[in-house]
Amino acid sequence: QVQLVESGGGLVQAGGSLRLSCAASGRTFSSYAMGWFRQAPGKEREFVGAVTWRGGSTYYADSVKGRFTISRDNARKTVYLEMNSLKPEDTAVYYCAASPWDAADYSRYTAYDSWGQGTQVSVSS
């Protein structure tokens with residue numbers, strides 16, 4: 001398990017941009033794939049995107065593809081989620097997660113064993 005702390009959430013208008021950060025500690029960061037999930041009140045946790053441990057492959061949910069970009073800086077032990085063209089339906093608590101395994105499907109939350117505390121993103125109309 002690694003320790004993860006998200007930051008960068010806030011309130012923005014529709015069409016705006018926001019960058020979330022997730023700082024990791026406790027293990028060799030570069031050995032783990034990193035994912036982003038989000039959860040709105042009363043809804044299921046939803047996959048947003050993921051990046052492999054080498055950073056050579058990224059995956060995105062259809063709802064954010066083309067608008068969000070996930071990246072990682074292994075030297076800084078940080079993963080980022082750049083969010084552009086934000087929509088009200090993007091409003092949720094965003095969580096980063098670490099996967100210690102070579103998962104078959106990073107969109108499933110069961111692929112991850114470490115989670116951050118979450119950061120609130122609110123998008124107004």
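Within any chain, residue numbers begin from 1 and follow the written order of that chain's sequence. With pLDDT at 70 or above as the cut-off, local features in this predicted model cover only qualifying residues; side-chain atom pairs require 80 or more to be listed or tallied, and sums for whole chains, interfaces and linings still use all residues. Side-chain figures throughout are based on the complete set of non-hydrogen atoms in the structure, without hydrogens or water.

Chemist: Account for the nonpolar core, with residues named and values stated.
Modeler: Formed by 36 residues in total, the largest nonpolar core has its most connected members in Trp36, Leu81, Met83 and Tyr94. Among the secondary structure elements, those contributing two or more residues to this core are β3 (18-25), β4 (33-39), β5 (46-51), β7 (68-73), β8 (78-83), β9 (92-99) and β11 (119-124). As used here, the term nonpolar core means buried Ala, Val, Leu, Ile, Met, Phe, Trp, Tyr and Cys residues forming a set that is joined through side-chain atoms within 4.5 Å. Residue burial is assigned from relative accessible area. The probe radius is 1.4 Å, only protein chains are included, and a residue is buried under 20% of its type maximum, exposed over 50%, and partly exposed in between. Helix and strand assignments follow DSSP, with helices taken as H or I runs no shorter than four residues and strands as E runs no shorter than two, numbered in order from the N terminus.

Chemist: Can you tell me about the sheet that holds strand β1 (residues 3-7), naming the residues and giving the values?
Modeler: One requirement defines pairing of two strands: DSSP has to find at least two bridges between them. Spatially, the 4 strands line up as an open sheet ordered β1-β3-β8-β7, and their pairing is antiparallel. Each edge of the open sheet is held by one strand with a lone partner, namely β1 and β7. Here the average twist between neighbouring strands, direction ignored, is 15°. Convention adopted: a line fitted to C-alpha atoms gives each axis, helices being fitted over their contacting stretch, and angles between N-to-C directions are expressed from 0 to 180 degrees.

Chemist: Please give an account of the packing of aromatic side chains that cites residues and values.
Modeler: Both the distance between ring centres and the angle between the ring planes are used here to describe each pair of aromatic rings. Pairing of aromatic rings covers Phe, Tyr and the six-membered ring of Trp, with a centre-to-centre limit of 6.5 Å; geometry is then stacked below 30 degrees between planes, edge-to-face above 60, and tilted otherwise. According to the stated counting rule, one finds 6 aromatic pairs in the structure shown. Each ring, one from Tyr59 and one from Tyr106, has its centre 6.2 Å from the other, and the planes form 35°; the classification is tilted. In this pair, Tyr59 sits in strand β6 (residues 58-60) while Tyr106 sits in the loop between β9 and β10 (114-115), placing the two residues 47 residues apart along the sequence. On the accessibility criterion, Tyr106 (10% relative accessible area) is buried. Their ring planes at 65° and their centres at 5.9 Å tell us that Tyr112 and Trp115 sit as a pair that is edge-to-face. Taking relative accessible area as the criterion, Trp115 reaches 26% and is therefore assigned partly exposed. Cluster of aromatic residues (ring-pair linked, three or more members): Phe37, Phe47, Tyr59, Tyr106, Tyr112 and Trp115. Its guanidinium or amino end placed over the ring of Tyr109, Arg45 lies 4.5 Å from that ring's centre, counting from NZ or CZ. Any Lys NZ or Arg CZ found within 6 Å of a ring centre and within 35 degrees of that ring's normal is scored as a charge over the ring. The ring centre of Trp115 lies 4.4 Å from the NZ or CZ of Arg45, which sits over that ring.

Chemist: Residue-level account of unusual backbone geometry, with values.
Modeler: Note: most residues except glycine have negative phi, and most peptide bonds are trans. A positive phi angle, near 55°, is found at Lys77, a position not held by glycine. Structurally, Lys77 is set in the loop between β7 and β8. Positive phi values are uncommon outside glycine, yet Ser85 reaches one of about 50°. Within the fold, Ser85 resides in the loop between β8 and β9.

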